[in-house]
Amino acid sequence: MPAHDLASIAKAMVAPGKGILAADESTGTIEKRFNDISVENVEENRRAYRDMLFTAKGLGDYISGVILYDETIRQKSADGTSFVELLGRNGILPGIKVDTGAKPLPFCPGETITEGLDGLPKRCAEYFKLGARFAKWRAVITIGKDIPSATCVEENAHALARYAAICQEAGIVPIVEPEVLMDGDHTIERCEQVTEWTLNALYDALYVNRVVLEHSILKPSMVISGKGCKQQAGVDEVAERTVKILKRTVPGAVAGVVFLSGGQSDEVATAHLHAMNHKFKGNLPWPLSFSYGRALQAPALKAWKGSTSNVAAGQAAIIHRSRMNSLASLARYSAEEEKQAKAA
Ligand code: 13P
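Here the structure is a predicted model, which is why all the values come from computation and not from measurement. (Residues numbered from 1 in each chain as written. Predicted model: local features only at pLDDT ≥ 70, side-chain atom pairs only at ≥ 80, totals over all residues. Heavy atoms only, no water.)

### Remarks on unusual backbone geometry
If a residue is not glycine, its phi is most likely negative; likewise, a peptide bond is most likely trans.
Point 1. Omega for the peptide link from I147 to P148 comes to 15°, which places this bond in the cis form.
Point 2. For S38, which is not a glycine, the phi torsion comes out positive at approximately 55°.
Point 3. One can find S38 in the loop between helix 2 (27-36) and helix 3 (43-54). (Helix = DSSP H or I, 4+ residues; strand = E, 2+ residues; numbered from the N terminus.)

### A few points about the pairing of strand 7 (residues 173-180)
Point 1. Counting buried positions along strand 7 yields 8 of 8 residues, so the element is predominantly enclosed.
Point 2. Neither face of strand 7 is open: one carries V173, I175, E177 and E179, the other P174, V176, P178 and V180, and all of them are buried.
Point 3. Pairing of strand 6 (residues 134-141) with strand 7, which is carried by 8 bridges, proceeds in the parallel orientation. Following the sheet pairing, F134 is matched in strand 7 by V173.
Point 4. Note on the crossover from strand 6 through helix 6 (residues 150-169) to strand 7: the handedness is right-handed.
Point 5. Strand direction decides the pairing type here: strand 7 and strand 8 (residues 217-218), joined by 2 bridges, are parallel. Residue pairing in the sheet places V176 in a bridge with L218 of strand 8. (Buried < 20%, exposed > 50% of the residue type's maximum accessible area, 1.4 Å probe, protein only. Pairing = 2+ DSSP bridges. Right-handed = clockwise from strand over helix to strand, strands pointing away.)

### Points about the site of the ligand
Point 1. Neighbouring residues of the ligand: 13 residues in total, closest K136, K219, S261, G262 and R294.
Point 2. At 2.5 Å, a side-chain N or O of S261 approaches an oxygen atom of the ligand.
Point 3. At a separation of 2.7 Å, an oxygen atom of the ligand approaches a polar backbone atom of G293.
Point 4. Residue classes in the shell around the ligand are distributed as 3 nonpolar, 4 polar and 6 charged. (Near = heavy atom within 4 Å. Polar contact = N/O pair within 3.5 Å; in protein donor to acceptor, adjacent residues only side chain to side chain. Nonpolar A, V, L, I, M, F, W, Y, C, P; charged D, E, K, R; others polar.)

### Here's the deal with the pattern of salt bridges
For side chains bearing opposite charge, pairing can occur when the charged atoms are close.
Point 1. Within this structure, the stated rule accounts for 24 salt bridges.
Point 2. For K279, the salt bridge is made with E240, and the minimal N-O distance between the two is 3.1 Å. With K279 in helix 9 (residues 266-279) and E240 in helix 8 (residues 235-249), this pair connects stretches of sequence that are 39 residues apart.
Point 3. Of the residues examined, E240 reaches a relative accessible area of 41% and is grouped as partly exposed. (Salt bridge = Lys/Arg side-chain N within 4 Å of Asp/Glu carboxyl O.)

### Concerning the packing of aromatic side chains
Aromatic rings in a pair are described by how distant their centres are and how their planes are angled relative to each other.
Point 1. The tally for this structure, following the rule as stated, stands at 6 aromatic pairs.
Point 2. Each ring, one from F34 and one from W304, has its centre 6.0 Å from the other, and the planes form 45°; the classification is tilted. Taken as a pair, F34 in helix 2 and W304 in helix 10 (residues 294-304) lie far apart in primary sequence, 270 residues in all.
Point 3. Note on F34: relative accessible area 0%, which makes it buried.
Point 4. Centre to centre, the rings of F290 and Y292 are 5.8 Å apart; their planes meet at 40°, and the pair counts as tilted. Comparing F290 with Y292, the two get one shared label, buried.
Point 5. Aromatic rings pair up to connect F34, Y49 and W304 into one cluster.
Point 6. Between the NZ or CZ atom of R133 and the centre of the ring of F128, over which it lies, the distance is 3.8 Å. (Phe/Tyr/Trp six-rings, centres within 6.5 Å; stacked < 30°, edge-to-face > 60°. Lys NZ or Arg CZ within 6 Å of the ring centre and 35° of its normal.)

### Some details on the side chain of S149
Point 1. Take S149: it is sitting in the loop between strand 6 and helix 6.
Point 2. Among the polar contacts listed, one links the side chain of S149 to the backbone nitrogen of C152, at a separation of 3.1 Å.
Point 3. Residues within four places of S149 in sequence aside, it is in contact with C108, E111 and W197. (Contact = heavy atoms within 4.5 Å.)

### Observations concerning the sheet that holds strand 7
Point 1. Read across the open sheet, the 8 strands follow the order 1-2-3-6-7-8-9-10; overall the sheet is parallel. In this open sheet, the two edge strands, each paired with only one partner strand, are strand 1 (19-22) and strand 10 (288-290).
Point 2. In the sheet, strand 2 (residues 63-68) pairs with strand 3 (residues 93-97) via 4 bridges, with the strands oriented parallel. From the neighbouring strand, V66 faces strand 3, where its bridge partner is P94.
Point 3. Along the sheet, helix 1 (residues 6-13) contacts strand 1, strand 2, strand 3, strand 6, strand 7 and strand 8; its crossing angle with strand 7, the most-contacted strand, is approximately 45°. (Axes fitted to C-alpha atoms, helices over the stretch in contact; angles between N-to-C directions.)

On their own, these measurements won't tell you what the molecule is for.
Rendered as C-alpha cells:
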C-alpha cells in the first residue's frame, strides 16, 4: 500500500478518476437488500456477495477505497485471502464504518442521534491493526414539519467532530457523513437551507474539536428535491445548488468531497456528479467524487441474485457502474457511452 500518513491516505482516496465503494451495510441493512433478490441473510451469503464485488477484475482502476462493516473486515475471499489483503493487492484502501447507528434523539420526535463514541479509541486501534486506513460515521438529518431541530443538527455535528478527532489520533482518515435525507415532500429550496445549516454546524464543531481538515473527507448528500415533492429539480439545478452550498460552507483545506447516493437511482446519481464536475471544472477547491452504496451496487446485486453462476454478471455490473462514476468524477461521462456499454 503506497499511502501511510494521513495526508497521503486522504489524497489517495480522492485520486483523479477514483471514488469509494460503500459496502458497509450492517447485517440489518443488507437483509433489506437480500430480501429484494430472495437471498437468505446468513454470514456465508454476505461473505460470498462481498467476495463477488471485491474480486471484480479492474475494480482498483476506479475505486480507491472500500468501506467495510465490522463482520466484513474480518472475512476472507474463497481462496483464503483476507478481504483486507485482497483489496490492498488491487491498490484499494480498506475502510471501516465505526458508528453504531442512528438512534432516537431524546425530546426530539422523529429525529436521531448517531451513536458509537463509547470505546471508539479502542475500536479504532483494533481496526487500524486489521488494516483499516479510513473510517466512516453517518449522521442523519430528517426534514419534516418543524424539523430538523437545532438539537439534532448541533448534536450530530458534535458527535461527527468527536469521531473525526478520535480517528485522526488513531492514524485513520475520517469520512464525515452528514446525510440530509431525501425522504419527504420538501422542496429543493428547503433541502438547500437545511444542508447549508448542517454543513456550517459541522465545520464549526470540527474546528472546536481540532480536527485537521486536510486529513478529512466530507461525504455529503446532494441538494435535491424531497422524494415526494411534486416539483422535481432537474440535473443542472441539483448540480448548481449543491456546488453553491458546498462552496459556502466547506473550507478549501478539506481533502475531498465524495457524495452518498441516498436513494437516487444509479444513473441519476452519476449524471448529477458529472454535471457538477462539468459545470464547475477548474473552479472547485476540492475533488468532487463518489462514495455510493446503492447507486454502485444495485445493478450488481440484481445480476448476482445469490448464485455462483451469476458471479461474472455481477462483476461486470459493478465494474460498469464504477467506471461510469469514475468518468463522471472527471467530467467525462456521457449518456451515449452508458447506452453503448449496456448494448455491448
Ligand atoms: P448510499 O449511496 O446508498 O446512500 O450509501 C452510502 C452510504 O455509505 C450511506 O452511509
